[in-house]
Amino acid sequence: MNLELLESFGQNFPEEFDGTLDCISIAVTCQFNKRGTLLAVGCNDGRIVIWDFLTRGIAKVISGHVHPVCSLSWNRNGSKLVSASTDNNVSIWDVLSGDCENTYRFPSPILKVQFHPRDSQVFLVCPMKHAAVLMDTEKKHNILPLDDEYDLNIVASFDRRGDYVYTGNAKGRVCP
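Residues numbered from 1 in each chain as written. Predicted model: local features only at pLDDT ≥ 70, side-chain atom pairs only at ≥ 80, totals over all residues. Heavy atoms only, no water.

A. View of the pattern of salt bridges. Going through the model one piece at a time under the given rule, you end up with two salt bridges. Note that Lys-80 and Glu-101 form a salt bridge whose closest N and O atoms lie 3.5 Å from each other. On the criterion of sequence distance, the pair formed by Lys-80 in strand E6 (residues 80-85) and Glu-101 in strand E8 (residues 100-105) is long-range, its members being 21 residues apart. (Salt bridge = Lys/Arg side-chain N within 4 Å of Asp/Glu carboxyl O. Helix = DSSP H or I, 4+ residues; strand = E, 2+ residues; numbered from the N terminus.)

B. View of the layout of surface pockets. Each pocket or cavity is described by its volume, and for the largest pocket that value is around 350 Å³. In terms of lining residues, the largest pocket is bounded by 18 residues, among which Ser-73, Trp-74, Asn-75, Phe-115 and Pro-117 are the most central. Of all the elements in the fold, those that place two or more residues in the lining of the largest pocket are strand E1 (27-32), strand E5 (69-74) and strand E9 (110-115). Taken together, the residues of the lining of the largest pocket break down into six nonpolar, seven polar and five charged. (1 Å grid on protein atoms, 1.4 Å probe; cavity = no way out; pocket = protein on both sides within 12 Å on 5 of 7 lines; lining within 4 Å. Points joined across faces, edges and corners; volume = space filled by probe spheres on them. Nonpolar A, V, L, I, M, F, W, Y, C, P; charged D, E, K, R; others polar.)

C. Main features of the packing of aromatic side chains. This model, assessed by the stated rule, comprises four aromatic pairs. Between Phe-115 and Phe-123 the ring centres are 6.3 Å apart and the planes differ by 70°, which places this aromatic pair in the edge-to-face class. In terms of burial, Phe-115 and Phe-123 fall into one category: buried. The interplanar angle of 50° and the centroid separation of 6.5 Å between the aromatic rings of Tyr-164 and Tyr-166 together place this pair among those described as tilted. Using a relative accessible area of 48% as the deciding quantity, one classes Tyr-164 as partly exposed. Under the relative-accessibility criterion, Tyr-166 is labelled partly exposed at 35%. In this structure an aromatic cluster arises from ring pairing among Tyr-104, Phe-115 and Phe-123. Cation over ring: Arg-56 sits above Phe-53, and NZ or CZ is 5.5 Å from the ring centre. (Phe/Tyr/Trp six-rings, centres within 6.5 Å; stacked < 30°, edge-to-face > 60°. Buried < 20%, exposed > 50% of the residue type's maximum accessible area, 1.4 Å probe, protein only. Lys NZ or Arg CZ within 6 Å of the ring centre and 35° of its normal.)

D. Expanded view of the nonpolar core. Ranked by size, the top nonpolar core spans 13 residues in total, and within it Val-90, Phe-106, Phe-123 and Val-125 carry the most contacts. Secondary structure elements with two or more residues in this core: E6, strand E7 (89-94), E9, strand E10 (122-127) and strand E11 (133-136). Examining the composition of this core, we find that three residues originate from one element, E9, more than from any other. Every residue in contact with Val-125, bar those within four places of it in the chain, is listed here: Val-90, Phe-106, Ile-110, Lys-112, Val-113, Ala-132, Val-133 and Met-135. (Core = buried A, V, L, I, M, F, W, Y, C linked by side-chain atoms within 4.5 Å. Contact = heavy atoms within 4.5 Å.)

E. Fine view of the environment of Cys-175. When you line up the elements, Cys-175 lands in strand E15 (residues 174-175). Look at Cys-175 and you get buried, because its relative accessible area is 15%. Linking Cys-175 and Leu-146, residues 29 residues apart in sequence, is a C-alpha distance of 9.5 Å.

If you want it as structure tokens, here you go:
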């Protein structure tokens, strides 16, 4: 078998440094859209900078939070972005216009947000020291049940299709 031929296909990283993206402020979190053409960067001053990765330029700057943006998630078609901040707010943004569609206030800072992989009306919120919440923009929200009511260091995530929500705690327990 030709080992050199196999090794050339196995490389999945650039051979040389390709450059940097200079952000307006310090980046805290980032998330690519599904196609990999746009990069949303959450900054420590509360702004969200959306980079067009094809032109390497800033496509949009969204100012909506007053504290650092700690989590971002794109919807399936890339038209909406949900952001979470340490100011206890979760906001849904229209990417083209930069307008805020909805803002939700929580009792504590948010650790993570994630859009449902198939439904842009549903998203998951993980507030610090509280149970994860499944939000629906058209209906009411659902608090996910806890195995141990005293362990509130919970993080949650959808599976690839959105059929299940997996939760994990600080003790290493993962539950579907």
